[in-house]
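So the chains spell out like this:
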Amino acid sequence: LVPDADMVHLYRPNPRSGLVNCVYGAQQTHLYRKVFDPAVLEPATGVLQRQVLHTQEAVLVNDLARFMQTLGRVSSLARRNSQPLPVLAGSPPLTLSRFIPRAAVDVPMLAGGEMVGILEALSARRNRFARRDLQLLALAGNTAAVVIQSFYLRQLADDYTRSLQTTYSATVDSWRRA
């Protein structure tokens with residue numbers, strides 16, 4: 001969807017706790033999943049993901065070096081992502097330590113007013129992204145959010161149905177024994 005992106009991440013934040021506990025990513029044709037202990041995202045002025053989490057608005061930064069310089073620090077989450085990552089089945093091993101992001105687009109994945117995740121596109125070149133990339137990524141993110149939320153709602157309905165069937169069977173069995 002965003003041909004100028006060198007890497008794409010999907011963050012699974014918990015808006016209530018401000019923690020991120022899972023990252024899915026792709027670099028070229030390699031997919032990977034990074035599951036780590038829940039990480040507290042730094043204040044909204046410190047990390048793009050945190051800003052998106054709090055404002056639920058997309059962020060476009062075409063010069064990450066200048067952005068980080070104005071902050072005077074680097075995100076702990078960004079440092080975590082520079083380590084070797086386990087890849088998904090069928091993909092060769094992948095090390096991202098040489099990749100230095102210079103531009104980023106982060107968009108909230110919203111479904112029914114609820115944030116499901118954060119979609120991020122990174123580029124190794126400055127000024128790589130335009131407003132249309134942000135809009136396209138937002139559209140893809142919201143579409144994916146609806147699918148993810150539908151999946152979770154379906155799982156919840158299936159769990160409720162199983163629970164109801166178990167309760168019904170137990171009730172009928174107790175009547176039978178009585």
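These lines cover the structure that appears in this document, whether it is placed above or below. Predicted model, so just to flag it, every value in this text is computed and none were measured.

A look at the nonpolar core
Then, number 1: Leu48, Val61, Leu64 and Ile118 are the most contacted members of the largest nonpolar core, which totals 17 residues.
Then, number 2: Listed by contribution, the elements that provide at least two residues to this core are β1 (7–14), β2 (19–27), α1 (48–55), β4 (59–61), α2 (64–71) and β6 (114–123).
Then, number 3: Non-local contacts of Leu64, meaning those with residues more than four positions away in its chain, are made with Leu48, Pro101, Arg102, Ala103 and Ala104.
Then, number 4: By size, the runner-up hydrophobic cluster in this structure holds 15 residues, among which are Ala5, Val105, Val107 and Leu119.

A word on the side chain of Glu120
Then, number 1: Its place among the elements puts Glu120 in strand β6.
Then, number 2: Those residues in contact with Glu120 that sit more than four places away from it in its chain are Met7, Val8, His9, Tyr11, Gln49, Val105, Asp106 and Leu137.

Things to note about the pattern of salt bridges
Then, number 1: Counted according to the given criterion, the structure contains five salt bridges.
Then, number 2: We note a salt bridge from Asp158 to Arg154, for which the minimum N-O separation is 3.4 Å. One end of the pair, Asp158, and the other, Arg154, are both in helix α4 (residues 131–177), four residues apart, so they sit about a helical turn from each other.
Then, number 3: Looking at Asp158, the relative accessible area reads 27%, which means it is partly exposed.
Then, number 4: Look at Arg154 and you get exposed, because its relative accessible area is 56%.
Then, number 5: Between Asp173 and Arg176 there is a salt bridge, and its shortest N-O distance comes to 2.5 Å. Of this pair, Asp173 and Arg176 both sit in helix α4, separated by three residues, roughly a single helical turn.
Then, number 6: One continuous salt-bridge network, built from bridges that share partners, spans Asp173, Arg176 and Arg177.

Conventions we followed
- Residues numbered from 1 in each chain as written.
- Predicted model: local features only at pLDDT ≥ 70, side-chain atom pairs only at ≥ 80, totals over all residues.
- Heavy atoms only, no water.
- Core = buried A, V, L, I, M, F, W, Y, C linked by side-chain atoms within 4.5 Å.
- Buried < 20%, exposed > 50% of the residue type's maximum accessible area, 1.4 Å probe, protein only.
- Helix = DSSP H or I, 4+ residues; strand = E, 2+ residues; numbered from the N terminus.
- Contact = heavy atoms within 4.5 Å.
- Salt bridge = Lys/Arg side-chain N within 4 Å of Asp/Glu carboxyl O.

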